[in-house]
Every structure is written in structure tokens, then in C-alpha cells.
Amino acid sequence: MESRFIPLSVPNFSGREKEYVNEAVVSEWVSTGGSKVPQFERAVADYVKMPDAVACNSGTSGLHLAMMIAGVGRGHEVIVPTLTFIAAVNPVRYAGAEPIFIGCDDSLCLCPAEVLRFLKEHAECVNGVCRNKATGAEIKAMVVVHVFGNMADMQALMKIAEEWHLTVIEDATEALGTYYTEGVYQGKYAGTIGDIGVYSFNGNKIITTGSGGMVVSNHPDWLSHARHLSTQAKSDELNYKHDEVGYNYRLTNLQAALGLAQMEQLEDFIAHKEKMYEFYRERLDGKHHYRILPFCEGVRSNHWFYSLYVEDGHSLSRDEIIQVLKEQKIQTRPIWGLIQDQADYPKNEAYGEEKARHYLERIVNLPCSTSLTQEDAERVVQVLLSL
Ligand SMILES: *Cc1c(COP(=O)(O)O)cnc(C)c1O
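Residues numbered from 1 in each chain as written. Predicted model: local features only at pLDDT ≥ 70, side-chain atom pairs only at ≥ 80, totals over all residues. Heavy atoms only, no water.

- The name given to the protein chain in an unreviewed UniProt entry is LegC family aminotransferase, and the organism recorded there is Candidatus Ruthenibacterium merdavium.
- Under the Sequence similarities (unreviewed entry) heading, UniProt states for the protein chain: "Belongs to the DegT/DnrJ/EryC1 family." (UniProt positions renumbered as here; feature names shortened; annotations may be inferred.)

This is the structure we're talking about:
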């Protein structure tokens, strides 16, 4: 029998998506007006226990809004992780600022020890302003990415941010649903701890609106500013008055309809992801030079992406393993190349990236769709154990 294709991560529309999208179509509110956008904002805000949220048309536009409401602008510098998706970093440039790249810890997220080492060696704080001693530029903010649904070490990072007067922008695009179960941030969701948090609803994320994003903030006035900027900065709807340069970054009612249906299933998606993660872990961890990387303790992770770590003794390279799986119609992928190595960033400062390089050369992301069956996961396991 022909074995079927097992995708890496595909959307799951088994809820009320068609019903809600149809309502939006029937209502003729298909663009940025309509009742579903505020409903979706309310659903996400309530879920992550925040007073409000601003929907936008991608995680990338959400991160650009985050830069602007944080006051990141021309001549500023921003601390970012080097091991992440490039959309976490490009918005720094959109704002006219420059990123400073820092490596990861074993959670694959921004390493607090490396951030502190960089600041102590290369920065100084004068009158509440953090400056890069080499460039003289103000280091305005820090972007923290919660990689693959894990939680970055927020306790350590927030302490550093406070001491060094940095605004914290949480890129929680991969971590909707991840929260602390213990410690000082117990009950706090990824994205709600720093100054600003951003979620993404791209097709491969834990819930999707096709494309979409959401911004939350612990500063209500900053959040209103994000909403204003996302809708062309209109100060007078009727007479077309605009009080600054705005953007067409608002989510549409059609997308929000999808999002509402997806939110109803989010906890079920997370439960399924966790179950399949445990399945892979039981079957593969410690066997044939494989490890399944853990999620942090003291955290309920959304288990968005699974990381198979291939130890050095394995007879095949990471790329050969991906190739064999591909021949068996199983889609997997390596993690991102470091951003500091991408075409536009070689001149930027970079610190402590050794661990990031180590992990990126050895990790394979395994199929993790919310529709993945145990039978399919077993096929993935059998191929890996035959190598
Ligand atoms: C997906 C993702 C984004 C961007 O989200 P889009 O909705 O695709 O624009 C940003 N950062 C990280 C880490 C992501 O994984």
C-alpha cells in the first residue's frame, strides 16, 4: 500500500470555521470593519488574561507595531536572539534601528547570561538610558522569542531589563497558550510578562487565521497607539484626518471569523500536541543517538514544535536524516540559520552564538500537526529507528 504524506505542520479546521466565515460573508463585513474583529480580540485577551488586545494582519506587522509603540526609532539599537525566525528581527530595521545579536541557552531562547555579559562589557547606563559604549547608540529594547512554544527565562530577563532600562518585547508568536505554573510569574502567559507581547496566526502556528497577529501590552496607552497606527492613524474618521504616518495593518473580519473558531479549539490542540510529543519522547528519547528536547519545567508549554536532537555518534548527518524521511514522504526540517549570517546582517554586533550554532546543526523538527495520528507518528519513529 502507498504510504500517505505526513506534513510537518498543517492547519486544523474541524470546528466552526465555515459557519463563522459564512456569517462574515453574509454580513458583507469582509474587511477591517465588522463585529468579529473585536470579538476575536476579546477572546484572545480573555484567554491570556489581559484587559485588551489589538488584532493585526500578521505577526510581523504586530512586531513592527510593537517597535513603534515602544519608541524604537532611528539610531537606536535592540537586543535580539540570533537563533529565531527572521520576522522577529526585521521589524527592528523597519523602525530604523539596528539589532545586536545574542545566543541562546538550552531552552533555545535568548540566553540571559549572555545578554548580561554583553551589557556589562559593552554598555553603560546613564540617567536611565542604556548606551552601547562602542557606538554611542541608545539600546532601547530587547526582543525575547519563546521558541517552539517553550518559555524563555523571563525571571532572569526581566530583572536584567529593569536594571538596564530596556523595554521588553515578547515575540510569543510560537507560544500562544504557554504559561508559568510556578514561580513569581505563576499563571502568567507568554507574551503578557514584558512591556509588549505579540502572537501570530500564520498557517503553521498553533491556531491560524490564514495570516494574522495580535498585540497585547501592560501599558494601555501604548496599546491604543498600536490600534491607531494599525488603522492609518485616523484621528477623524469622517474628515480623513491623520495625525501621524499610519499603516494598513488591521486584521480583516474574515480572518477574525476563522480565529474565533480556532480559539474554541486551542486547548484541545494543545492537549493533542502534548500527547504526541510524549509519544515521540517515549519511543525515541535516548535511542539511536536521539534526544527529544524537553520543554522548561514549571511551565505549561503549548508544545508547538518538537525538536529531535541528533547526537554526534549518529551514522547519518542531520541533512541525510531529513532526506531519508523525505523519501518516506515524511516532511521535517532543520531549524533556522542564524540571523546574524543572513544577507543584511553581517555587520551587526553578535555575542555568544556558539550554543545556537551547536543546536541548529543538530536539530530536526518532527511532524507535529494537531491532526497527526498515532499511526503516522509511529511511522516516523520506525523510519528514525531504522537509521
Ligand atoms: C511566525 C513567526 C513570526 C511572524 O509571524 P507572521 O504571522 O508569519 O508574520 C515572527 N517571529 C517568529 C519567531 C515566528 O515564528
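Read on, since the account is not over.
## Some thoughts on the overall build of the protein chain
Move 1: Within the protein chain one finds 12 helices and 18 strands.
Move 2: Taking 2.2 N^0.38 as the reference for a compact globule, 387 residues should give roughly 21 Å; the C-alpha atoms of the protein chain span a radius of gyration of 21 Å, in line with that estimate.
Move 3: In terms of principal-axis extent, the alpha carbons of the protein chain reach across some 65 × 60 × 40 Å.
Move 4: Split into buried and exposed, the 387 residues of the protein chain put 56% on the buried side.
Move 5: A separation threshold of at least 6 residues defines the contact pool for the protein chain, and within that pool the share at least 24 residues apart is 72%.
Move 6: Counting every atom, the protein chain has about 16,400 Å² of accessible surface; 50% of that belongs to carbon and sulfur.
Move 7: Looking at the protein chain, you have 36 positive and 51 negative side-chain charges, and the mean spots of the two groups are 2 Å apart. (Helix = DSSP H or I, 4+ residues; strand = E, 2+ residues; numbered from the N terminus. Rg over C-alpha atoms; globule rule 2.2 N^0.38 Å. Buried < 20%, exposed > 50% of the residue type's maximum accessible area, 1.4 Å probe, protein only. Contact = heavy atoms within 4.5 Å. Areas by Shrake-Rupley, 256 points an atom, 1.4 Å probe, with all protein chains shown as cover. Lys, Arg positive; Asp, Glu negative; His and termini not counted. Charge placed at Lys NZ, Arg CZ, Asp CG, Glu CD.)

## Some points on the UniProt feature "modified residue: N6-(pyridoxal phosphate)lysine" (unreviewed entry) in the protein chain
Move 1: In this structure's numbering, the residues bearing the UniProt feature "modified residue: N6-(pyridoxal phosphate)lysine" (unreviewed entry) are Lys205.
Move 2: Within the secondary structure, Lys205 is located in the loop between strand E9 (196-200) and strand E10 (213-217).
Move 3: The buried category is assigned to Lys205, whose relative accessible area is 13%.
Move 4: In contact with Lys205, other than residues within four places in its own chain, are Thr173, Glu174, Ser200 and Trp304.

## Things to note about the site of the ligand
Move 1: The full set close to the ligand counts 16 residues, and Thr60, Asp171, Glu174, Ser200 and Lys205 are the nearest of them.
Move 2: With respect to the ligand, the backbone of Gly59 contributes an N or O atom lying 2.7 Å from an oxygen atom.
Move 3: The contact in question runs from an oxygen atom of the ligand to an N or O atom on the side chain of Ser200, over 2.7 Å.
Move 4: Coverage of the ligand by the protein amounts to 93% of the 380 Å² it exposes when considered alone.
Move 5: No other element matches helix H3 (residues 59-69), which puts 3 residues into the shell around the ligand.
Move 6: Considered class by class, the residues forming the shell around the ligand number 5 nonpolar, 8 polar and 3 charged. (Near = heavy atom within 4 Å. Polar contact = N/O pair within 3.5 Å; in protein donor to acceptor, adjacent residues only side chain to side chain. Nonpolar A, V, L, I, M, F, W, Y, C, P; charged D, E, K, R; others polar.)

## Some remarks on the packing of aromatic side chains
Move 1: By the definition in use, this model includes 15 aromatic pairs.
Move 2: Summarising the aromatic geometry, the rings of Phe101 and Tyr345 are spaced 5.6 Å apart at their centres and angled 85° between planes, so their arrangement reads as edge-to-face. Within this pair, whereas Phe101 is found in strand E3 (residues 98-102), its partner Tyr345 is found in the loop between strand E16 (333-334) and strand E17 (350-351), the two being separated by 244 residues in sequence.
Move 3: Arranged with centres 5.8 Å apart and planes meeting at 55°, the rings of Tyr277 and Tyr306 form a pair that is tilted. Placement of the pair is Tyr277 in helix H9 (residues 266-284) and Tyr306 in strand E15 (residues 306-310), with a sequence separation of 29 residues. For the pair shown, Tyr277 and Tyr306 are each scored as buried.
Move 4: Here the aromatic residues Phe148, Trp304, Phe305 and Trp336 are joined through ring pairs into a cluster of three or more.
Move 5: One Lys or Arg, Arg291, reaches over the ring of Tyr309 and ends 4.5 Å from the middle of that ring. (Phe/Tyr/Trp six-rings, centres within 6.5 Å; stacked < 30°, edge-to-face > 60°. Lys NZ or Arg CZ within 6 Å of the ring centre and 35° of its normal.)

## Some thoughts on the sheet that holds E9
Move 1: The strand order across the open sheet built from 8 strands is E1-E10-E9-E7-E6-E2-E3-E17, with neighbouring strands paired in mixed fashion. Each having just a single partner strand, strand E1 (54-56) and E17 make up the two edges of the open sheet.
Move 2: Note: E9 against E10, 5 bridges, orientation antiparallel. Each bridged residue has a counterpart across the sheet, and for Val198 the counterpart in E10 is Val215.
Move 3: The sheet strands contacting H3 are E1, strand E6 (139-145), strand E7 (167-171), E9 and E10, and the helix crosses E9 at an angle near 170°. (Pairing = 2+ DSSP bridges. Axes fitted to C-alpha atoms, helices over the stretch in contact; angles between N-to-C directions.)

## Things to note about the environment of Thr135
Move 1: For Thr135, the position within the fold is in the loop between strand E5 (129-132) and E6.
Move 2: Judged by relative accessible area, which is 45%, Thr135 ranks as partly exposed.
Move 3: Taking C-alpha positions, Thr135 is 36 Å from Leu176, a pair spaced 41 residues apart along the chain.
Move 4: Ignoring any residue separated from it by four or fewer positions in sequence, one finds Thr135 in contact with Glu77 and Glu349.
Move 5: At 2.8 Å, the side chain of Thr135 forms a polar contact with the side chain of Glu77.
Move 6: From its side chain, Thr135 meets the backbone nitrogen of Ala137 in a polar contact 3.2 Å long.

## Side note on H3
Move 1: Most of H3 is tucked away, with 10 of its 11 residues classed as buried.
Move 2: Among all positions in H3, only Gly59, Ser61, Gly62, Leu63, His64, Leu65, Ala66, Met67, Met68 and Ile69 are buried.
Move 3: The residue sitting at the N-terminus of H3 and contributing the capping side-chain oxygen is Ser58; that oxygen lies 3.3 Å from the backbone nitrogen of Thr60.
Move 4: Positive phi shows up at Gly71, right after H3, with a value of about 80°.

## Overview of the sheet that holds E16
Move 1: With antiparallel pairing, the 4 strands of this open sheet are ordered in space as E13-E15-E18-E16. The open sheet has two edge strands, strand E13 (290-292) and E16, and neither has a second partner.
Move 2: Alignment of E15 against strand E18 (residues 363-366), held across 4 bridges, turns out to be antiparallel. Across the sheet, the residue bridging to Tyr306 is Leu366, located in E18.
Move 3: Contacting E13, E15 and E18, H9 crosses the sheet at an angle of about 15° to E15.

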